[in-house]
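Residue strings, one per chain:
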Amino acid sequence: MDIIHDDYQVCYDAATATVICQGSFRLRGTEEYAPIFQVLTAAADAQPAMLTLDLRTLRFLNSSGINMLAKFVLHARQYHATQVMIKGSQQFSWQEKSLKNFQRLLPALHLEIE
């Protein structure tokens, strides 16, 4: 289940339960983010022991994208047996500022900023 666009890529590796997001998410609104949200929720619905969302190479995420990720975290919260990890990068200032807010939605979320 991969999405390849000129500006971004979303790749899901079921074997490692990892979703990798790369590029820049500059989509407008819920409708345009729906395919990405579907990949994320399908990964969570598989209920792996550990689900990793790797954003280390995601250069930009607009407010609609932040909203979509918040909805994903709320969706994943229903699967108590699944540990969610988000990997970010200090290279992109938005990640350090924004990603820690998801821990408010899911206190057990493991955040790793490199």
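Located above this text is the structure these notes cover.
These numbers come from a predicted model, not from an experiment. (Residues numbered from 1 in each chain as written. Predicted model: local features only at pLDDT ≥ 70, side-chain atom pairs only at ≥ 80, totals over all residues. Heavy atoms only, no water.)

> Would you explain the nonpolar core in this entry?
The biggest cluster of nonpolar side chains holds 36 residues, and the ones touching the most others in it are V10, V19, F25, I36 and L53. For this core, the secondary structure elements donating two or more residues are β2 (8-13), β3 (18-25), α1 (29-45), β4 (50-61), α2 (63-76), β5 (83-88) and α3 (93-99). Look past the residues within four positions of I36 in its chain and what remains in contact with it is I3, Y8, V10, F25, L27 and M68. (Core = buried A, V, L, I, M, F, W, Y, C linked by side-chain atoms within 4.5 Å. Buried < 20%, exposed > 50% of the residue type's maximum accessible area, 1.4 Å probe, protein only. Helix = DSSP H or I, 4+ residues; strand = E, 2+ residues; numbered from the N terminus. Contact = heavy atoms within 4.5 Å.)

> When you look at the packing of aromatic side chains in this model, what are you seeing that I'm missing?
Centre distance and the angle of the planes are the two values used to describe a pair of aromatic rings. All told, the structure shown has two aromatic pairs when counted by the stated rule. Between the aromatic rings of Y8 and F25, the centroid separation amounts to 5.1 Å while the plane-to-plane angle is 85 degrees, which identifies the pairing as edge-to-face. Of this pair, Y8 sits in strand β2 while F25 sits in strand β3, placing them 17 residues apart in sequence. Per residue, the accessibility class of Y8 equals that of F25, and both read buried. An angle of 70 degrees between the planes, with centres 6.1 Å apart, marks the rings of F25 and Y33 as edge-to-face. Residues F25 and Y33 agree in their burial class; the two are buried. Site record: aromatic cluster; members linked through ring pairs are Y8, F25 and Y33. Here the basic side chain of R26 rests over the ring of F60, its NZ or CZ set 4.1 Å away from the ring centre. (Phe/Tyr/Trp six-rings, centres within 6.5 Å; stacked < 30°, edge-to-face > 60°. Lys NZ or Arg CZ within 6 Å of the ring centre and 35° of its normal.)

Distances and angles like these do not, on their own, reveal function.
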